[in-house]
Amino acid sequence: MTNKPQILLVYTGGTIGMVKDYESGALKAFDFSQILERIPELRQLNCDIETISFNKPIDSSNMNTDYFVQIAEIIENSYAKFDGFVVLTGSDTMAYTSSVISFMFENLQKPVIFTGSQLPIGDLRTDAKENLITSIEVACARKNNKPIISEVCLYFEYKLYRANRTTKINAEQFEAFASMNYPPLAESGVHLFFNEQLLYVPKDNSSKLVVRKRLNRNVVILKLFPGITKEVVQSILTIKNLKGVVLETYGAGNAPTEKWFIDLLKQAINNDIRIVNVTQCAGGSVIMGHYETSIKLKKVGVVGGKDITTESAIAKMMYLIGEELSKNEFKAIFETSLRGEISKES
């Protein structure tokens, strides 16, 4: 490719886009159209960068399904013009946002890299510059005239992860994210090294990008704990218009065997509510039926989430419920890896 890669930088909000007003000491949103003035190092990258920002930058705590669709549509509308996309969001909900976007894009053949920072771009010790510069470098990376990355990723503190495998693990350290069940796709040191055997490879280069925008937000995460009462579980499972539950269980997918608990799950499933079993552990997999305490869940129709993260499970659930699948279709597709979110052997 003789032409320079064209990269679109999408700013939604978050710490990375903040600069300090030295007179007032307050943080304010930074004008990303001035990015080259703020980070002149970007001129050294062999690419052309354009920027687009949300009209009103949002804190990632306010992220919701409408914003997911807005991010997806910005990329969809610019897809033909650009070779790669870097999306800047607040890190607190970045694992959720990037996981959802990974499911919304079908037949993606270009890099979509999410990044952010723990300190604002204007801070002396900021991690924002390295995260941003390397994310753009990843989005530009090509081999045999094709992008090296053709999936939704998250880059933070020298590591590139598959987005739908990530969890934010630290609010304080620069190494804020982890991917417990899948190795990093790339690592940035003296050289930018891609673990090419781990990357997603598009099956059909001629397939057109499809963007799935029908996300159903009538879902809930129910985290079990010793002593959880019947009243609490019942109140959650009988929420009006509830369509799906991500059930965070213990260990390899274990839950109480008390009759009331199993009966409430069974009743909810009979009422067409989809329930998926994920582990509360940071790493590892749900193995339904491995212990007696998960056999009953399997019998009543709870879907096994395998080694999917909670963030990815809620994202995948929003997407699949939006597609209005039958109970059997939902189970079959949820238990199948669509975007590399589940390990094949799990």
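For the structure itself, consult the block above.
Since the model is a prediction, treat every value here as computed from it, not as a measurement. (Residues numbered from 1 in each chain as written. Predicted model: local features only at pLDDT ≥ 70, side-chain atom pairs only at ≥ 80, totals over all residues. Heavy atoms only, no water.)

Undergrad: Outline the overall build of the protein, supporting the account with residue identities and numerical values.
TA: Secondary structure assignment for the protein yields nine helices and 20 strands. Rg of the C-alpha trace for the protein: 21 Å, near the compact-globule value of 20 Å for 346 residues, within the 12% margin. With respect to the principal axes defined by its C-alpha atoms, the protein has extents near 65 × 50 × 35 Å. Considering the protein as a whole, with its 346 residues, one finds that 53% of them fall into the buried category. When the accessible surface of the protein is totalled, it reaches about 16,300 Å², and 49% of it is carbon and sulfur. (Helix = DSSP H or I, 4+ residues; strand = E, 2+ residues; numbered from the N terminus. Rg over C-alpha atoms; globule rule 2.2 N^0.38 Å. Buried < 20%, exposed > 50% of the residue type's maximum accessible area, 1.4 Å probe, protein only. Areas by Shrake-Rupley, 256 points an atom, 1.4 Å probe, with all protein chains shown as cover.)

Undergrad: Talk me through the environment of Phe 68; I want residue IDs and the actual numbers.
TA: When you line up the elements, Phe 68 lands in helix 2 (residues 65–78). Assessed through its relative accessible area of 6%, Phe 68 is described here as buried. With 29 residues separating them in the primary sequence, Phe 68 and Thr 97 have C-alpha atoms 6.7 Å apart. Aside from chain neighbours lying at most four places away, what touches Phe 68 is Met 63, Thr 97, Val 100, Ile 101, Met 104 and Leu 215. (Contact = heavy atoms within 4.5 Å.)

Undergrad: Now, about the nonpolar core: what can you tell me, with residues and values included?
TA: Counting 53 residues, the largest nonpolar core has Phe 105, Val 112, Phe 330 and Phe 334 as the members making the most contacts within it. Top element by residues in this core is helix 8 (residues 310–322). It accounts for eight residues. Once residues within four sequence positions are removed from consideration, Phe 105 is found in contact with Ala 72, Ile 75, Val 112, Val 152, Leu 209, Val 210, Val 211 and Arg 339. Residues Ile 35, Ala 139, Ala 141 and Ile 148 belong to the second largest nonpolar core, which totals 35 residues. (Core = buried A, V, L, I, M, F, W, Y, C linked by side-chain atoms within 4.5 Å.)

Undergrad: Could you give an account of helix 4 (residues 128–140), with specific residues and numbers?
TA: Taking 1.5 Å of rise per residue, the 13 residues of helix 4 would be expected to cover 18 Å, and the 18 Å separating its terminal C-alpha atoms lies within 8% of that figure. Counted residue by residue, helix 4 has 10 buried out of 13 residues, so it is predominantly covered. Every buried residue of helix 4 is listed here: Ala 128, Asn 131, Leu 132, Ile 133, Thr 134, Ser 135, Ile 136, Val 138, Ala 139 and Cys 140. (Expected span 1.5 Å × (residues − 1).)

Undergrad: Give me the lowdown on the sheet that holds strand 1 (residues 6–11), citing residues and values where you can.
TA: An order of 4-1-5-7-10-11-14-15 is seen for the eight strands of this open sheet, with the pairing classed as mixed. Each edge of the sheet is formed by a strand with only one pairing partner; in this case those strands are strand 4 (48–53) and strand 15 (192–194). Within the sheet, the average angular offset between the axes of one strand and its neighbour, ignoring direction, is 20°. Sheet analysis places strand 1 next to strand 5 (residues 84–88), joined by five bridges and oriented parallel. Across the sheet, residue Tyr 11 finds its bridge partner in strand 5, namely Leu 88. (Pairing = 2+ DSSP bridges. Axes fitted to C-alpha atoms, helices over the stretch in contact; angles between N-to-C directions.)

Undergrad: Account for the pairing of strand 7 (residues 112–115), with residues named and values stated.
TA: Along any regular strand the residues' side chains alternate between the sheet's two faces. Taking every second residue as pointing to the same face, both faces of strand 7 are buried, with Val 112 and Phe 114 on one and Ile 113 and Thr 115 on the other. Note: strand 7 against strand 10 (residues 152–156), three bridges, orientation parallel. Each bridged residue has a counterpart across the sheet, and for Ile 113 the counterpart in strand 10 is Cys 153.

Undergrad: So, the packing of aromatic side chains: which residues are in play, and what are the values?
TA: One pass over the structure, following the stated rule, counts seven aromatic pairs. Taken together through their ring pairs, the aromatic side chains of Tyr 79, Phe 82 and Phe 85 make up a single cluster. Between the NZ or CZ atom of Lys 110 and the centre of the ring of Tyr 79, over which it lies, the distance is 4.6 Å. The lysine or arginine in question, Lys 316, covers the ring of Phe 334, its NZ or CZ lying 4.9 Å from the ring centre. (Phe/Tyr/Trp six-rings, centres within 6.5 Å; stacked < 30°, edge-to-face > 60°. Lys NZ or Arg CZ within 6 Å of the ring centre and 35° of its normal.)

Undergrad: A description of helix 6 (residues 259–270) should follow, citing residues and the corresponding values.
TA: In this model, helix 6 (12 residues) spans 16 Å end to end at C-alpha, consistent with the 16 Å of a helix rising 1.5 Å per residue. Those residues of helix 6 lying buried are Trp 260, Phe 261, Ile 262, Leu 264, Leu 265, Ala 268 and Ile 269. Where helix 6 is buried, its residues meet helix 5 (230–237), strand 18 (244–249), strand 19 (274–279), helix 7 (292–300) and helix 9 (327–334). With its phi angle positive at about 70°, Asp 272 sits one or two positions after the end of helix 6.

Undergrad: A description of the side chain of Ser 99 should follow, citing residues and the corresponding values.
TA: Here Ser 99 shows up in helix 3 (residues 94–104). Residue classification places Ser 99 among the buried positions, given a relative accessible area of 0%. In contact with Ser 99, other than residues within four places in its own chain, are Ala 163, Asn 164, Glu 311, Ser 312 and Ala 315.

Undergrad: Now, about the environment of Val 232: what can you tell me, with residues and values included?
TA: Within the fold, Val 232 resides in helix 5. Taking the C-alpha atoms as reference, Val 232 lies 9.8 Å from Leu 222; in sequence the two are 10 residues apart.

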